[in-house]
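Below are the chains, spelled out letter by letter.
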Amino acid sequence: MFNAAGNQILTLTGLRFDANLGILDHEKTAPQPIQVDAELNLGTQPLMPRDDEIMHVLDYRKVRKIIIDECNAVHVNLLESLIGKLAHRLMQLPGVLGVRVKIAKLEIFEDCEVAIRVETGQW
């Protein structure tokens with residue numbers, strides 16, 4: 001019987017969509033593109049799940065939907081507010097011990113993107 005274990009981290013990288021975010025007039029009237037990267041620390045897990053069924057692992061489709069829904073729930077003025085809400089929501093998922101999230105505003109400046117990264121929980 002194969003029973004080795006290791007620390008498991010679920011990662012979503014480069015998730016791009018439009019969100020209602022910002023303090024500028026044009027940001028308040030139209031959504032803008034953002035990119036979200038997220039890492040969820042699931043702690044020590046068996047290297048092989050007990051079976052090959054999705055119900056026994058954290059479904060990354062659910063994580064993706066939560067990120068998009070949370071970022072589009074209401075208009076938020078500050079990136080700092082949005083990332084805090086998102087990190088808090090992801091920490092509520094069963095089995096999640098820690099969350100690292102980065103949200104980038106892709107078109108706020110012509111010459112760079114602006115991003116905030118937050119890390120919470122156990123790493």
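These numbers come from a predicted model, not from an experiment. (Residues numbered from 1 in each chain as written. Predicted model: local features only at pLDDT ≥ 70, side-chain atom pairs only at ≥ 80, totals over all residues. Heavy atoms only, no water.)

1. A closer look at the overall build of the chain
And step 1. The helix and strand tally for the chain stands at three helices and four strands.
And step 2. Secondary structure of the chain in N-to-C order comes out as β-α-β-α-α-β-β.
And step 3. For the chain, the spread of C-alpha atoms along the principal axes amounts to about 60 × 25 × 20 Å.
And step 4. When the 123 residues of the chain are sorted by exposure, 35% land in the buried category.
And step 5. Of the contacts formed within the chain by residues at least 6 apart in sequence, a portion of 64% connects residues at least 24 apart.
And step 6. As displayed, the chain offers around 7,800 Å² of accessible surface, 52% of which is attributable to carbon and sulfur atoms.
And step 7. Charged side chains in the chain number 13 positive and 17 negative. The centres of these two groups are separated by 5 Å. (Helix = DSSP H or I, 4+ residues; strand = E, 2+ residues; numbered from the N terminus. Buried < 20%, exposed > 50% of the residue type's maximum accessible area, 1.4 Å probe, protein only. Contact = heavy atoms within 4.5 Å. Areas by Shrake-Rupley, 256 points an atom, 1.4 Å probe, with all protein chains shown as cover. Lys, Arg positive; Asp, Glu negative; His and termini not counted. Charge placed at Lys NZ, Arg CZ, Asp CG, Glu CD.)

2. Structural notes on the pattern of salt bridges
And step 1. Counted according to the given criterion, the structure contains seven salt bridges.
And step 2. Across the pair Lys65 and Asp69 runs a salt bridge whose closest N-O atoms are separated by 2.6 Å. Separated by four residues within a single helix, Lys65 and Asp69 lie in helix α2 (residues 60-72), roughly one turn from each other.
And step 3. Of the charged contacts, one joins Lys85 and Glu70 as a salt bridge, the two residues approaching to 3.9 Å between their closest N and O atoms. Placement of the pair is Lys85 in helix α3 (residues 79-91) and Glu70 in helix α2, with a sequence separation of 15 residues.
And step 4. Accessibility expressed as a relative area gives 29% for Lys85, which makes it partly exposed.
And step 5. Judged by relative accessible area, Glu70 falls into the buried class, the value being 18%.
And step 6. If you follow the salt bridges from partner to partner, you end up with Glu39, Arg100 and Glu119 in one network. (Salt bridge = Lys/Arg side-chain N within 4 Å of Asp/Glu carboxyl O.)

3. Topic: the confidence of the model for the chain
And step 1. For the chain, per-residue confidence averages 94 on the pLDDT scale, and residues scoring 70 or more make up 98% of the total.
And step 2. Averaged pLDDT values over the elements of the chain bottom out at 91 in helix α1 (residues 25-29) and peak at 98 in strand β3 (residues 98-105). (pLDDT = per-residue confidence, 0-100.)

4. Remarks on the UniProt feature "domain: Dihydroneopterin aldolase/epimerase" (unreviewed entry) in the chain
And step 1. With numbering aligned to this structure, UniProt lists the feature "domain: Dihydroneopterin aldolase/epimerase" (unreviewed entry) at residues 10-120.
And step 2. Here residues 10-120 runs as 28% helix and 36% strand, with 15 Å between its end C-alpha atoms. (UniProt positions renumbered as here; feature names shortened; annotations may be inferred.)

5. Let's talk about the packing of α2 against α3
And step 1. In contact at an axis separation of 10 Å, α2 and α3 are set at 145° when each is read in the N-to-C sense. The crossing of α2 and α3 is right-handed. Residues Val63, Ile66, Ile67, Glu70 and Cys71 of α2 form the contact with α3, whose participating residues are Leu82, Lys85, Leu86, Arg89 and Leu90.
And step 2. In terms of residue class, the contact of α2 with α3 is made up of seven nonpolar, no polar and three charged. (Axes fitted to C-alpha atoms, helices over the stretch in contact; angles between N-to-C directions. Left-handed = near helix turned anticlockwise from the far one by under 90°. Nonpolar A, V, L, I, M, F, W, Y, C, P; charged D, E, K, R; others polar.)

6. Describing the nonpolar core
And step 1. Ranked by size, the top nonpolar core spans 29 residues in total, and within it Leu40, Ile67, Cys71, Leu90 and Ile103 carry the most contacts.
And step 2. The leading source of residues in this core is α3, at six residues. (Core = buried A, V, L, I, M, F, W, Y, C linked by side-chain atoms within 4.5 Å.)

7. Some thoughts on the sheet that holds β3
And step 1. What the four strands build is an open sheet, ordered β1-β2-β3-β4; its pairing is antiparallel. The open sheet has two free edges, formed respectively by β1 (5-19) and β4 (114-121), since each of these has just one partner strand. Within the sheet, the average angular offset between the axes of one strand and its neighbour, ignoring direction, is 10°.
And step 2. One ladder, built from 12 bridges, connects β1 with strand β2 (residues 32-46); its direction is antiparallel. For Thr11, the partnering residue across the bridge sits in β2 and is Glu39.
And step 3. Helix-sheet contacts for α2 involve β1, β2 and β3, and the interaxial angle to β1 is about 40°.
And step 4. Seen against the sheet, α3 touches β2, β3 and β4 and runs at an angle of roughly 150° to β3. (Pairing = 2+ DSSP bridges.)

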